[in-house]
Amino acid sequence: MLKIAIAAGVITIGGLAYYSGFDGMQALKTSVEPQHSQAISQSVEYTREELAAMTPNQLIQMQKDALNSAKEAATSVGELNRIEGRPDFVSPAEWMMLQAVAAKKANPQTELLRLVNLLRFNKQLEALDKTSDSDERNVLIEAVLAQLPKRIENKEMSVEKAQLIQLKLISQIYSDDRDIRDRAAEEARRIGAEFSIKAS
């Protein structure tokens, strides 16, 4: 049986939801990526059989490498607008799965692009949950906030859930209540939501 249903944390592509409540910043288990044509992996691609023959440790390492690439990609916050090969933040096993899921749709390339972008987003949420470096956190927070409107546009997330994420993240980058309110109102407008907190 194929080992790609892989070790701890490949992805649940169906609903693409990895965070169950976002308390403590749990990320989604499927993700996406940015707007330039992101760096394409130069590493060797693997067949289904080669991946199936790998040890769990090898597969887990591939997932870790892909997560690190997603973290590095956070400085580019736009959506990818085309795919010419497997991006570094997508592991070989994930790539195979995403392609298989996309192939079932009427427009496989469009669906693959959507899934890849969603995967990067979710991995950046996951990286945010794991990092303790404040500068890295801030870069990841800005990347996640910038991508939320697209998640709503693609119907991958509700406005309510996106606003909850916004508030959690904004409260981590500002200490002044007024700054939090101003940024929260700005971000709420970007996702078509209303924001109001009465100053106390």
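That block above? That's the structure.
Student: Which residues make up the side chain of Arg 183, and what values go with them?
Tutor: One can find Arg 183 in helix H7 (residues 177-190). A polar contact of 3.0 Å, which involves the side chain of Arg 183, links it to the side chain of Tyr 174.

Student: Describe the packing of aromatic side chains, and please don't skip the residues or the numbers.
Tutor: Within this structure, the stated rule accounts for 0 aromatic pairs. Over the ring of Phe 121 we find Arg 151, and its NZ or CZ is 5.4 Å from the ring centre.

Student: So what about the nonpolar core? Which residues, and what values?
Tutor: Residues Phe 121, Leu 148 and Leu 169 are the most contacted members of the largest nonpolar core, which totals 24 residues. Of all the secondary structure elements, the ones that give two or more residues to this core are helix H4 (108-130), helix H5 (134-153), helix H6 (159-173) and H7. It is H5 that provides the largest number of residues to this core, a total of 7 residues. When residues no more than four places from it in sequence are discounted, the contact partners of Leu 148 are Phe 121, Met 157, Ala 162, Ile 165, Gln 166 and Ile 191. Counting residues in hydrophobic clusters, the runner-up holds 13 residues, among them Phe 89, Val 90, Trp 95 and Leu 113.

About the cut-offs
- Residues numbered from 1 in each chain as written.
- Predicted model: local features only at pLDDT ≥ 70, side-chain atom pairs only at ≥ 80, totals over all residues.
- Heavy atoms only, no water.
- Helix = DSSP H or I, 4+ residues; strand = E, 2+ residues; numbered from the N terminus.
- Polar contact = N/O pair within 3.5 Å; in protein donor to acceptor, adjacent residues only side chain to side chain.
- Phe/Tyr/Trp six-rings, centres within 6.5 Å; stacked < 30°, edge-to-face > 60°.
- Lys NZ or Arg CZ within 6 Å of the ring centre and 35° of its normal.
- Core = buried A, V, L, I, M, F, W, Y, C linked by side-chain atoms within 4.5 Å.
- Buried < 20%, exposed > 50% of the residue type's maximum accessible area, 1.4 Å probe, protein only.
- Contact = heavy atoms within 4.5 Å.

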